[in-house]
Structure formats: C-alpha cells, structure tokens
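# Per-entry structural report
This is what each chain is made of:
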Amino acid sequence: MNVFFSWIVRGSRPFLVVVIVGLALVLPSSSQNKSPFSEASSFIPRCSADGGCAISVGTRPVAIAVSGTGVYVAENGGVSIIDRRTNTKVKTLAIGTAAAVTATGTTVYALVSTSMYVIDALTNTAGDPITSVGEYPLAVAVSGTGVYVADGTLNRVKVYDARTNTVVGSPIAVESYPDAIAVSGTGVYVANRNDNSVSIIDRRTSSVVKTLAVGTLPVAIAAHGTGVYVTNVNSNNISEIDAVRNVVVGSAFSGGGASPDGVVGTGTGIYIANGGTTHVDLVDIQRRTVVKSITVGTTPLGVAISGFGLYVANWNSATVSVIDTRTNTVLSSCGAFPDICGDASVGSTEECDDDNTADADGCSATCTIEEGYVCTGEPSSCEIACGNGTLEEGEDCDDGDTDDEDGCSAACTIEEGYVCADEPSICEIACGNGALDADEACDDGDMADGDGCSAACAIESGYTCSGTPSTCTLPASSGSSSSAQVTGGGGGIRGQGTTTIHNPDYNTPSGSNSATHGASGSTGEYHVIVPHVTVRQSGGVQLKEGTTVDVIRFLRNGRVAKIRLPNGKTGFLLTKTIGNRYDTTYEP
C-alpha cells in the first residue's frame, strides 16, 4: 500500500493531507483558533530558489491584493507594501499576523486575528481596527458599499457598511469552514472548505439562495466575467460556476499542478497558484487546458493582477514574484516594470497610459498627451483641456465650457471686448465695467452713447473724461449752443426760467431747439444744463436750482424725456401744465 504525505497551506494555516491508495483524508491541526504561523515551517516542502524577480517581504506571505500603485501582501508580520512602479518594498504595516487582504478603489481591507484593518492606499496608513469581526475570519471581499467577511470557525459571513465600517444586519450562516469569498453580480460566493461546497448569498436580501457541491477541499475562489472559479486542493482541479444560472458547468478541469490554491482571471484565461509546487499555471478556460506553466517561488498561494503585472505571494520563500502577463514570464530582475504603452501603467518614459494604443482619445498610441488634452491617474483619464475650468499652459482663460461669445472662446482665448479673471475664468465685457482696461480711453460704467464716453469706451467729440469710473464733461463753449426761454409750445424740457441746451449732434442756431424736437415728435440725445429750473422728484425730494442733468433721450410724445441724474440714476421728466406755467416732475 502506497502512502503519500503532504502539507497543504491555505489561508493562514497548514493542513496535512494523507492520501492512501486514492483515499484523501483531511486532518486539521489541533486547534482552529491557533495562528497558522506558529506551525513549524519544516513541514513545508522547500523547492528551488525563485527564478527572476523575487521581492523579499515578511515571513509567510499568504494573500495579495493591488490598489493603485501599491501591492499589499498579507503576512506573518502584518502587511507589506510594494510600489509596483519600481517593484520594490516600500513599507510594512506592523498590525499583526494578517490572514487575508483585499482592495477596492483606494481602500484596502486586511484581516488580523479577530479584527479587520482599513488601510488608506493613498497614504498607506491603517486606522484603528474594527474589533470582534469573528473568531477566525479567513476571507474578505468587497462589492459596492458591502464588505463581506467569512469566519472559518463560526461558519458565517458578516457584512459591514464600507461607508461607516459598521455591521449591517445579522450574520449569514453558511456551511462548514468558509475559507474564501468572491462577489459576482448580485451573488456572494463562499467556498466552504470542510463541506466541499460553495454557498451563494444574494447580497440584495443577505440570505443564502443556493449551495453547490464542488471538489474536495475548496480553498480559493475568484470571479471572472460570468464565471466563478474554485480551486479544489485535494481534488487537484478547478470547478467552474456559471454566475448567471448559479450552476456548476460541466466537470471540474485540471489546473495542471498539485494543490491548486490561489486563482485570478484575465481575458480568456485564469492563473492558478499551485501551493504544492513552485509554479503558476495559465489555464485557457475555453479549452480547459494549461497553456503555460511559469516557475516562481516556493509554495505560491496568493495571486493578484493589475494591468500586465501578475503578483504571486510565495509562502515558504517569503517573496513576491512578478510575472509579465504579455509574455507570461517572470521579470528577469526586480525594478521598474518595462514601459509598454497600453498596459495602464504610466512608466518613466511615458506621459500617459490609458490602457490602449488608440490615437485621438487624449493619450496617443505612443503614450504621449495629445494636443488640447490633460491626462491624470493610472490608467490615465484624459479630457479636453479647454473647458475644464482649469487654466492650463497656453490658455488665456478657461470658464468651464467650450462656448463662444461668452468672453472665453472655444479655444480658451479671451474674446475681443472682454476681460477674464480667476479660475474657472469669470469673463465680463470690458467696456462698461467702470475700470480703465487696455485700449479704453474712458469707462463710465455703462455702454451708452451721447454721455461723453461711448459704447466703445471712446471719448466722444467735445468731451473731456477723467477718473475711474470716468466722469465726462462738456465745456459750455463746446458744440453749438443757444439760450432759449422755455415757454409753452411743442414740448421738450419745461420749467421756470432759462434752459441752456448744448447739442453737439444738431447745429440749430435758433432758440427753438428744444421745442422743435419735442413738437416734431423726433428723438435725440442731449446734454442739458438746467441752471434755473426747479425739478421736483416724486416723493417730495427737490433738486436744487442749477442742477446739471444729462438728457439721454427725448421720447416721441414730446412731453417726456429720459434723463440721467448726477448720481448715475435714470428716470423721466414729465411736464405738466399748472395754470399759465409748466411744472417738470422727475419720476424714477
């Protein structure tokens, strides 16, 4: 009778598998609550040294995840952090023995003893632990705002709200010894090691809707496309679940190596870390065959992928191997990942990398930023520079849109007659803002003609302008003028006494100027000095005799004129007949 002994390591503890004439017996170590890292490493087969790049991390790395530019490795000493731009270890978070790690966005979750740490991937710092997560939590997965933690001892899944890090609802009971967890669509898939099954939780109702039988000793699970893939250590094969129908598809297929442990998908393939060997297999999931076996370190367990980089946690070698998935070879040496345009990683020789090699999308086929775009992030997100509200190099203005005729053109240049400031740019018509801008001879705060400063901010004939805002005056000698006794008749300005009218637009020598223009029903613009007229404002306020007002326009009824007062306000002069005289009233 042939007897084979082998130690299988999963999650955070070794398991001894005894195979006697085809019979597999799974014998757990003495205490499920005992940290696996206290077990003697001599039971783990030691293989040849790592080939190619092997990044040294802490002892017994067991799981791995990628967030942004960081690779996070759960290990005996806590969590090691690798900068994937240089493939060097940059930090270790000494938070205790970590059994599992997962990432979403800029947040990384790590299970340590009975707690869960939330790591900020931007600062690589961990906050206070979330305690009492479970007795022996082994796996964690995230979907949306839900964080799902599988407890191997209590046979349950606990759900946390990622926004508040508080428990949501009651724990969900699953089968014996849940050891791995993954999310696909509305389903949470839990691999139950001792039950040889996968529990499917509907995350909308937080209840188990189905339990599927898989191979012997399922220890890892990964969602990819519409499939969920389960590694069965003692069966040395992979079970495939259709995540749409929630059924096992066909028979389990071989991973090509002993003790398949970690699994991750990409394209039409899945990578399987074979814990009983020193290699990772690439399996074509359509043909269900191994297309390549890649030598890494000793006892590869955890795998994670980002762009074209596959990271493998080698438990017994205390290293992380880096595989280029384009060539499916381990990098020959550690250091910066080769700059390859289109791999979603911005290399030292690249200005951008948007995960493709297409032109006309902001990041060119050679990974340079195209004219008129700005690109940020990794993979690069590119947007048209003009119209984003930020003043980029070469822009005179940027008001947050690409409209013309609003002061800042579609090409982010300041349009004629406007001034623009701030970010995003606020543009306003230059003439009429009361400030003397470039190319303006005057600016009286409006765009009216006939008041000395024209609608184009040019000084009109006969006027002098000064100050800011500009004050424009017309000397008594300028223009054609005449004095006239304003009495009854056709209209115009009415009042007691003499009104002197200066009219540069009309060269009428007679004293019938005002009356004629009013009586004929014509309109015109005038500057009027009223030295001896009492103009009563409605409400009882009087303007003193000798007040100078600007008549903006005579209206066609011959009895009303629109005027501008010295304080800049406008209103109307209404002439009324009172006995044998005229009374002029100002109405705002």
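Here's a quick rundown of the structure. Please read these numbers as outputs of a predicted model, since none were measured by experiment. (Residues numbered from 1 in each chain as written. Predicted model: local features only at pLDDT ≥ 70, side-chain atom pairs only at ≥ 80, totals over all residues. Heavy atoms only, no water.)

On to the overall build of the protein chain. Of the regular secondary structure elements, the protein chain holds 1 helix and 49 strands. A total of 588 residues make up the protein chain; the buried ones form 49% of that total. Within the protein chain, counting contacts between residues at least 6 apart in sequence, those at least 24 apart form 37% of the total. (Helix = DSSP H or I, 4+ residues; strand = E, 2+ residues; numbered from the N terminus. Buried < 20%, exposed > 50% of the residue type's maximum accessible area, 1.4 Å probe, protein only. Contact = heavy atoms within 4.5 Å.)

It is worth spelling out the sheet that holds strand S21 (residues 207–213) at this point. One open sheet accounts for 4 strands, arranged S18-S19-S20-S21; its pairing is antiparallel. Unpaired on one side and paired on the other, strand S18 (178–184) and S21 mark the two borders of the sheet. Along the sheet, successive strands turn relative to each other by an average axial angle of 25°, direction set aside. Bridge count for strand S19 (residues 187–192) against strand S20 (residues 197–202) is 6 bridges, and the pairing is antiparallel. Looking across to S20, one finds that Ala191 is bridged to Val198. (Pairing = 2+ DSSP bridges. Axes fitted to C-alpha atoms, helices over the stretch in contact; angles between N-to-C directions.)

Note that the residue after Glu378, namely Pro379, is joined by a cis bond; omega there is 0°. Structurally, Pro379 is set in the loop between strand S35 (373–376) and strand S36 (381–384). Here the bond from Glu423 into Pro424 is cis, since omega is 0°, no more than 30 degrees from zero. Counting through the fold element by element, Pro424 comes out in the loop between strand S37 (418–421) and strand S38 (426–429).

Take the pairing of strand S27 (residues 260–266) next. Here S27 lies mainly inside the structure; 6 of its 7 residues are buried. With 5 bridges joining them, S27 and strand S28 (residues 269–274) adopt antiparallel strand pairing. The partner of Gly265 across the bridge, within S28, is Ile270. Between S27 and S28, which follow one another and run antiparallel, lie 2 residues, and Gly267 among them has a positive phi close to 55°.

Each pocket or cavity is described by its volume, and for the largest pocket that value is around 900 Å³. Taken together, 37 residues line the largest pocket, and the ones lying closest to its centre are Ile64, Val101, Thr102, Ile221 and Val303. Going through the elements one at a time, strand S5 (63–67), strand S9 (98–104), strand S13 (137–143), S18, strand S22 (218–224), S27 and strand S31 (300–306) are the ones with two or more residues in the lining of the largest pocket. Among the elements that make up the lining of the largest pocket, the one with the highest residue count is S9 (6 residues). Here the lining of the largest pocket is built from residues that sort into 28 nonpolar, 7 polar and 2 charged. (1 Å grid on protein atoms, 1.4 Å probe; cavity = no way out; pocket = protein on both sides within 12 Å on 5 of 7 lines; lining within 4 Å. Points joined across faces, edges and corners; volume = space filled by probe spheres on them. Nonpolar A, V, L, I, M, F, W, Y, C, P; charged D, E, K, R; others polar.)

A separate point is the state of the cysteines. In this structure the tally under the stated criterion is 10 disulfides. Two residues, Cys341 and Cys367, share a disulfide whose sulfurs are 2.1 Å apart. Residues Cys341 and Cys367 are joined through a disulfide that is right-handed, its torsion about the S-S bond being 95°. Note that Cys341 is positioned in the loop between strand S34 (329–330) and S35 and Cys367 in the loop between S34 and S35, a separation of 26 residues in sequence. Residue class for Cys341 comes out partly exposed when judged on its relative accessible area of 22%. (Disulfide = S-S within 2.5 Å.)

Turning next to the side chain of Asp443. Mapping Asp443 onto the fold places it in the loop between S38 and strand S39 (464–466). According to the relative accessible area criterion, Asp443 is buried, its value standing at 0%. A polar atom in the side chain of Asp443 sits 2.9 Å from the backbone nitrogen of Gly432. Polar contacts involving the side chain of Asp443 include one to the main-chain amide nitrogen of Gly445, which spans 3.0 Å. Filtering out sequence-adjacent residues up to four positions away, Asp443 remains in contact with Ala430, Cys431, Gly432, Asn433, Gly434, Ala435, Leu436, Cys453, Cys457, Pro469 and Ser470. (Polar contact = N/O pair within 3.5 Å; in protein donor to acceptor, adjacent residues only side chain to side chain.)

Pairing in this open sheet of 4 strands is antiparallel, and the strands run S9-S10-S11-S12 from one edge to the other. Strands with a single pairing partner mark the edges of an open sheet, and in this sheet they are S9 and strand S12 (125–126). The pairing of strand S10 (residues 107–112) with strand S11 (residues 115–120) spans 6 bridges and is antiparallel. Bridge pairing in S11 places Leu111 opposite Met116.

Another point: the pairing of S20. Counting buried residues along S20, 6 of its 6 residues qualify, which places the element largely inside the surrounding structure. Connecting S19 to the antiparallel partner S20 that follows it, the hairpin turn spans 4 residues, and Asn196 within it adopts a positive phi of roughly 55°. Here S20 pairs with S21 via 6 bridges, running antiparallel. Note on S21: the bridge partner recorded for Val198 is Leu212. Remark: 4 residues form the turn of the hairpin made by S20 and S21, two consecutive strands paired antiparallel; Ser206 in that turn has positive phi of roughly 55°.

Tracing the backbone shows Tyr373 in strand S35. With relative accessibility at 25%, the residue Tyr373 sits in the partly exposed group. For the pair formed by Tyr373 and Ala360, sequence separation is 13 residues and the distance between their alpha carbons is 9.9 Å.

A few words now on the side chain of Asp353. By secondary structure assignment, the location of Asp353 is in the loop between S34 and S35. Although buried, Asp353 forms no salt bridge, and the nearest oppositely charged side chain, Arg326, lies 7.3 Å from it. Only 3.2 Å separates the side chain of Asp353 from the backbone nitrogen of Asp355, close enough to count as a polar contact. Here Asp353 is in contact with Ile340, Cys341, Gly342, Asp343, Ala344, Ser345, Val346, Cys363, Cys367, Pro379 and Ser380, once residues within four sequence places are set aside. (Lys, Arg positive; Asp, Glu negative; His and termini not counted. Salt bridge = Lys/Arg side-chain N within 4 Å of Asp/Glu carboxyl O.)

The subject of this paragraph is the nonpolar core. By size, the foremost hydrophobic cluster in this structure holds 26 residues, and its most contacted members are Ile64, Val280, Leu310, Val320 and Ile323. Broken down by secondary-structure element, the contributors of at least two residues to this core are S5, strand S6 (70–75), S28, strand S29 (279–284), S31, strand S32 (309–314) and strand S33 (319–324). Here the element with the most residues in this core is S32; it accounts for 4 residues. In this structure Ile323 touches Val280, Ile294, Val296, Phe308, Gly309, Leu310, Val312, Asn328, Thr329 and Val330, once residues within four positions along its chain are discounted. Grouped together as the second largest cluster of nonpolar side chains are 19 residues, Ala63, Val101, Tyr117 and Ala121 included. (Core = buried A, V, L, I, M, F, W, Y, C linked by side-chain atoms within 4.5 Å.)

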